[in-house]
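Geometric and topological summary
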Amino acid sequence: MTVDLATSASIGPASEAVSQSVEAILEIVLAANDVLVKKESFKELATYLERIIPILNELNRKNVSDSESLNNAIEILNREIRAAKQLTLECSKRNKVYLLMNCRAIVKRLDDTVKEISRALDLLPLASLNLTSGISEEIGELSDKMQRAEFRAAMAEEEILDKIESGIQERNIDRSYANNLLVLIAEAVGISTERSALKKEFEEFKNEIENARLRKDQAEAIQMDQIMALLERADATSSPREKELKHFSKRRSLGSQPLEPLQSFYCPITRDVMVDPVETSSGQTFERSAIETWFSDGNKLCPLTMTPLNTSFLRPNKTLRQSIEEWKDRNTMITIASIRPTLESEEEEEVLHSLEQLQDLCEQRDLHREWVILENYIPTLIKLLAKNRDIRNRALVILCILAKDDDAKERIVKADNAIESIVRSLGRRVGERKLAVALLLELSKYYLARDCIGKVQGCILLLVTMSSSDDSQAARDAQELLENLSFSDQNVIQMAKANYFRHLLHRLSTGPEDVKMIMATTLADMELTDHNKESLFEGGALGPLLHFVSHGDTQVKNVAVKALRNLSSLPKNGLQMIREGAVRPLLDTLYHSSSSSSLREHAAGTIMHLAVSTVSQESSQIPVSLLESDDEIPRLFSLINLTGPDIQQSIIQTFQALCQSPSAPSIKTKLTQFAAVQVLVQLCEHEDLCVRANAVKLFCCLTEGSDEATILEHVNQKCIETLLKIIKSSKDEEEIASAMGIVSNLPELPHITLWLLDAGALPVISSYLHNGKQNNPRKNQLIENAVGAICRFSVPTNLEWQKSAAGTDIIPLLVQLLESGTTLTKKRAAISLCRFSESSLGLSRSIPKRKGFLCFSAPPETICLVHGGICSIESSFCLVEADAVRPLVRILGEPDPGACEASLDALLTLIEGERLQSGSKVLAEANAIPPIIKFLGSPSPSLQEKALHALERIFRLVEFKMKYGALAQMPLVDLTQRGSGSVKSLAARILAHLNVLHDQSSYF
């Protein structure tokens, strides 16, 4: 503050004193900001004094003459301002605890000083000083305010001082009282509650007490000694070593044997040692509860002297009570010291008894626990954790009680194998587990213990398991302990590896950048179950990782994308990633040639997982597409020619998945439009076997239902040879099945079949059928495709191809597959058998004329019931000889209309032309006609129509008309009413055969 100091020459002692007061006030104003206690009170004082400065300057400017009254007022004012200055400086330099202990005295000094300054202002002879009216009014107003000002100790300060007085009077307070009091003092004076800070503060407080002695202020020194004795019971005011020295010094002075109580300790009424002794008006002492009962029973005389008593007068006998408690403490201290050797006994019952006694003592008083700790019981209790269950449990209970003490926590941590021994109890029975986790939880409040607990092998896994246990208290303790252990990144990683991701996700979202990087790296490298992946996404892992992909540097992006690749292998997560916009940044990363190869590889792998997720979409959900536009298809596919094997493989797998997704038709169309087939044909010769295998699989997808011209454009004889080479040499069953699928899907054009024959395809394909025990989905697919490939060699237009195929014993295999194959295998086997059967009539040999004597001629060959000649499987491909009829009939009862139709086609070859009579008998014997009649109600129009045509021929024969006509009548009538035009007409014609309709009916 800028102050106009008087510049005129000072006249007399009054003027000099005024100048000194102004200087002192300025010092007080500055020092008031630095006081350590009652800062607001000192600021109030400084405010009052600042208002005095203009008054003093005015006095100097007036060059007032000295007078007795003026000098007297100025002297008082100067003296009190100097006193205020001294107090202010003291309170900015002395120890904080010392100042707090003296805060009542400080407040009184402040109050007295302000009142005296107000009195000095009132003593100024204003009338003779010729001051302006404004100055005079200011003096009067300021004096009045200062007179009415009140300075008091704060409620918190009063509470602390009351507690100190109470503690000193009680004399036997425990350590927790002192600890709590110490915390209140630390909070009041604004110092840390850390032990080192408190220790430093109280060392300074001790110095203040020594200074009081040097000043020979005995009253203050005695008071401060009492306060110090009280506070020294707190943990932070003395070191463990100092406590030990005091404890053992005291214990050694007591001897080794407990003392009997003095006679005065006994209550004359109860004959027991008193707990709360009180003195009556007669001067006799009794237990409070006993004498109160005496009075409540109507007695008014002293039980000992029988003199009348004032029943309302009972005075605590503090001296006796103190003596009793000191006697109890002495005996307890000796008892505690004597128990420890018994804990090392080999007798388990003795050990248990001693532990029970020790537990009882620990539960009685905080002071007893302190003595147990100082007697170094903790290493002994830790060793007992290797004993039987009862001893372990009792030792854990005592350790839990002791561990509430910070010194005990430190001792437990330092004891050999202590944390490891406690952790072992986490894996034992429920009761022991609960005690162990409660103990570890208490220990985890100490920083050194936290470091140790997380490092014990298996500890975090056991805690995670307990955190979801049925015991709610144990689960809460485990969760809280995990919370305490989460200070360490390594502990958080261990939790994640135990399927506890809460803290990892929190750090991933809110931690510093380096910590986020560690957490993302953990997710990237972990082996996760599907449940883990789902939990991580539900916990919010996706958002931070996507942010890293979009905004992080190359290293961060690489880790984030690798983590996303790990998590996206669960289809549910993949769909969520697509919905939340993960595809665009991943594609941009993949397209950027400046991205590292590792980053692009992880991006490609993640995109592949996302593509796979689109395959498993539920029909009830809104369809999700991986690629936003068709333009992305050629752009992504083109990277196959520009990248290494790993990325190539992922991109091909991406399109494999997309070809099975809801968007498959548009994907296949777009791929075939920009010559993807040509690229895949080339990749079928790739040196990397994984790339080759995936290219073959995608090629197979594109050939299913593909445009014939597109395939013919790129598939040549070399391609055929390459595919057969893969079929013969590959170790990958799925690749073999896909290569076989390509062969199966190729157009049935003569030149392609010739290429296959020239390349030796027929024996290769049939070998897979000979060895084709179907026992897994891949094997099933291989058999399906092999049977499909055989179909092209069974076309009836080329008898030589049929004979070549039959020469590999393929027909019996096809018949077997009618029984054991998948639905598609049965359908394809039936198609091949149908084609073979179409050639059977022309290949059936006529019956040779028998020559010579009948008795010497060879027995006649069996005549085919259908073809009327001599048939065999190899020569005429006869279904009857191959025992194919009944398996084909059984397929008619299966639900798949395609397989039913293929089987029906094969069976109907037996009743073509002149074979109607003989073929129908064979069908009837195999019970084929009832299922054919059932097809009249089939939802498949072609199957329905073929059944009508078959029945129209069969019912021309009277015996079958009579036997099955009634069964067919109602379905046929239904068709005449609800069928299409041609179906109605054909149904009516059959009904005419059955004599239900006249043959001249208009239905014809």
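Definitions and cut-offs
- Residues numbered from 1 in each chain as written.
- Predicted model: local features only at pLDDT ≥ 70, side-chain atom pairs only at ≥ 80, totals over all residues.
- Heavy atoms only, no water.
- Helix = DSSP H or I, 4+ residues; strand = E, 2+ residues; numbered from the N terminus.
- Rg over C-alpha atoms; globule rule 2.2 N^0.38 Å.
- Buried < 20%, exposed > 50% of the residue type's maximum accessible area, 1.4 Å probe, protein only.
- Contact = heavy atoms within 4.5 Å.
- Areas by Shrake-Rupley, 256 points an atom, 1.4 Å probe, with all protein chains shown as cover.
- Phe/Tyr/Trp six-rings, centres within 6.5 Å; stacked < 30°, edge-to-face > 60°.
- Lys NZ or Arg CZ within 6 Å of the ring centre and 35° of its normal.
- Core = buried A, V, L, I, M, F, W, Y, C linked by side-chain atoms within 4.5 Å.
- 1 Å grid on protein atoms, 1.4 Å probe; cavity = no way out; pocket = protein on both sides within 12 Å on 5 of 7 lines; lining within 4 Å.
- Points joined across faces, edges and corners; volume = space filled by probe spheres on them.
- Nonpolar A, V, L, I, M, F, W, Y, C, P; charged D, E, K, R; others polar.
- Expected span 1.5 Å × (residues − 1).
- Pairing = 2+ DSSP bridges.
- pLDDT = per-residue confidence, 0-100.
- Salt bridge = Lys/Arg side-chain N within 4 Å of Asp/Glu carboxyl O.
- Patch = residues over 30% accessible without salt bridge, like charges linked within 9 Å, V, L, I, M, F, W, Y side chains within 5 Å.
- Lys, Arg positive; Asp, Glu negative; His and termini not counted.
- Charge placed at Lys NZ, Arg CZ, Asp CG, Glu CD.
- Axes fitted to C-alpha atoms, helices over the stretch in contact; angles between N-to-C directions.
- Left-handed = near helix turned anticlockwise from the far one by under 90°.

Some thoughts on the overall build of the protein chain
Along the backbone of the protein chain there are 56 helices and three strands. A compact globule built from 1004 residues would reach a C-alpha radius of gyration of about 30 Å, whereas the protein chain, at 53 Å, exceeds it by more than 25%. With 1004 residues in all, the protein chain has 50% of them scored as buried. Sequence-distant contacts, at least 24 apart, represent 69% of the contacts inside the protein chain between residues at least 6 apart. Summed over all atoms, the accessible surface of the protein chain reaches about 47,600 Å², with 50% contributed by carbon and sulfur.

Digging into the packing of aromatic side chains
Summed over all chains, the structure comprises six aromatic pairs. Seen in terms of ring centroids, Phe-202 and Phe-205 are 6.1 Å apart; in terms of plane orientation they differ by 90 degrees. Their pairing is edge-to-face. Residue Phe-202 and its partner Phe-205 are located together in helix α10 (residues 195–214), separated by three residues, close to a single helical turn. The pair formed by Phe-202 and Phe-205 is uniform in burial state, with each residue classed as buried. Between Tyr-446 and Tyr-447 the ring centres are 5.3 Å apart and the planes differ by 65 degrees, which places this aromatic pair in the edge-to-face class. For Tyr-447, a relative accessible area of 51% translates into the label exposed. Within the aromatic cluster, the residues linked to one another by ring pairs are Phe-637, Phe-655 and Phe-674. Across the ring face of Phe-487, the terminal group of Arg-450 is positioned such that the distance to the ring centre comes to 5.3 Å. The side chain of Arg-635 reaches across the aromatic face of Tyr-591, ending 3.8 Å from its centre.

So, the nonpolar core
Ranked by internal contacts, the top residues of the largest apolar core, which has 175 residues, are Leu-545 and Phe-655. Take this core: its biggest share by element is eight residues, from helix α38 (residues 689–703). If sequence neighbours within four positions are ignored, Phe-655 has contacts with Ile-633, Leu-636, Phe-637, Ile-667, Leu-671 and Leu-698. Formed by 68 residues, the second largest nonpolar core is a distinct cluster that contains Ala-73, Cys-91, Val-97 and Val-189.

Some thoughts on the layout of surface pockets
Each pocket or cavity is described by its volume, and for the largest pocket that value is around 800 Å³. Looking at the largest pocket, it is lined by 27 residues, and the ones nearest its centre are Thr-193, Arg-195, Asp-235, Asp-405 and Asp-406. Where the lining of the largest pocket is concerned, the elements lending two or more residues are α9 (175–189), α10, α16 (366–374), α18 (389–402) and α19 (406–414). At five residues, the largest contribution of residues to the lining of the largest pocket is made by α9. Grouping the amino acids of the lining of the largest pocket by side-chain chemistry returns 10 nonpolar, four polar and 13 charged.

Let's talk about helix α44 (residues 777–791)
Compared with an ideal rise of 1.5 Å per residue, which puts 15 residues at 21 Å, α44 spans 21 Å between its outermost C-alpha atoms and is within 8% of the ideal. Across the 15 residues of α44, 11 count as buried, placing the element largely inside the fold. Turning to α44, its buried residues number three or more, namely Lys-779, Leu-782, Ile-783, Glu-784, Asn-785, Ala-786, Val-787, Gly-788, Ala-789, Ile-790 and Cys-791. Contacts from the buried residues of α44 go to α41 (733–745), α43 (761–770), α46 (810–820) and α47 (823–838).

With respect to the sheet that holds strand β3 (residues 315–316)
Judged by pairing direction, the sheet is antiparallel, and its three strands sit side by side in the order β2-β1-β3 without closing on themselves. Edge strands, defined here as strands with exactly one partner in the open sheet, are β2 (285–287) and β3. Here strand β1 (residues 277–279) pairs with β3 via two bridges, running antiparallel. Each bridged residue has a counterpart across the sheet, and for Glu-279 the counterpart in β3 is Arg-315.

As for unusual backbone geometry
Phi is positive for Lys-38, which is not a glycine, with a value near 50 degrees. For Lys-38, a relative accessible area of 12% puts it in the buried group.

A look at the confidence of the model for the protein chain
Taken over all residues, the pLDDT of the protein chain has a mean of 87, while the share at 70 or more is 95%. Below a pLDDT of 50 lies the segment residues 1–11, which in the model reaches 18 contacts outside its immediate sequence neighbourhood of four places, other chains included.

A few points about helix α20 (residues 418–426)
Across the nine residues of α20, seven count as buried, placing the element largely inside the fold. Three or more residues of α20 are buried, namely Ala-418, Ile-419, Ser-421, Ile-422, Val-423, Ser-425 and Leu-426. Buried residues belonging to α20 abut α17 (378–383), α18, α19, α21 (430–443), α22 (447–455) and α23 (459–467).

Notes on the environment of Gly-431
On the secondary structure map, Gly-431 appears in helix α21. Judged by relative accessible area, Gly-431 falls into the partly exposed class, the value being 43%. Separated by 42 residues in the primary sequence, Gly-431 and Arg-389 place their C-alpha atoms 9.9 Å from one another.

What to know about the environment of Leu-943
Secondary-structure assignment places Leu-943 in helix α54 (residues 941–954). Expressed as a C-alpha distance, the spacing of Leu-943 and Ile-28, which sit 915 residues apart in the sequence, is 112 Å. Excluding residues within four positions of it along the chain, Leu-943 makes contact with Pro-897, Cys-900, Glu-901, Leu-904, Phe-935 and Ser-938.

Description of the pattern of salt bridges
In this structure the tally under the stated criterion is 60 salt bridges. Salt-bridge contacts for Arg-51 lead to Glu-138; the nearest nitrogen and oxygen are separated by 3.0 Å. Placement of the pair is Arg-51 in helix α2 (residues 39–61) and Glu-138 in helix α7 (residues 133–148), with a sequence separation of 87 residues. Taking the relative accessible area as the measure of exposure, Arg-51 reaches 22% and is therefore partly exposed. Of the charged contacts in the structure, one is a salt bridge between Asp-406 and Lys-409, with a shortest N-O distance of 3.7 Å. Highlighted residues: Asp-406 and Lys-409, both in helix α19, separated by three residues, approximately one helical turn. On the basis of relative accessible area, Asp-406 is assigned to the partly exposed category, the value being 41%.

Brief notes about a negative patch on the surface
On the surface, Glu-346, Glu-347, Glu-348, Glu-349, Glu-350 and Asp-390 cluster together into a negatively charged patch. Considering every element that reaches the negative patch, the biggest residue donor is helix α15 (residues 348–364), with three residues. Summarising the element assignment, Glu-347 is placed in the loop between α14 (318–339) and α15.

Some thoughts on the packing of α14 against α15
In contact at an axis separation of 11 Å, α14 and α15 are set at 145 degrees when each is read in the N-to-C sense. Considering how the two elements wind past one another, α14 and α15 form a crossing that is left-handed. Here α14 contributes Thr-332, Thr-335, Ile-336 and Ile-339 to the contact with α15, which in turn contributes Ser-354, Gln-357, Leu-358 and Leu-361. Its residues assigned to classes, the contact of α14 with α15 shows four nonpolar, four polar and no charged.

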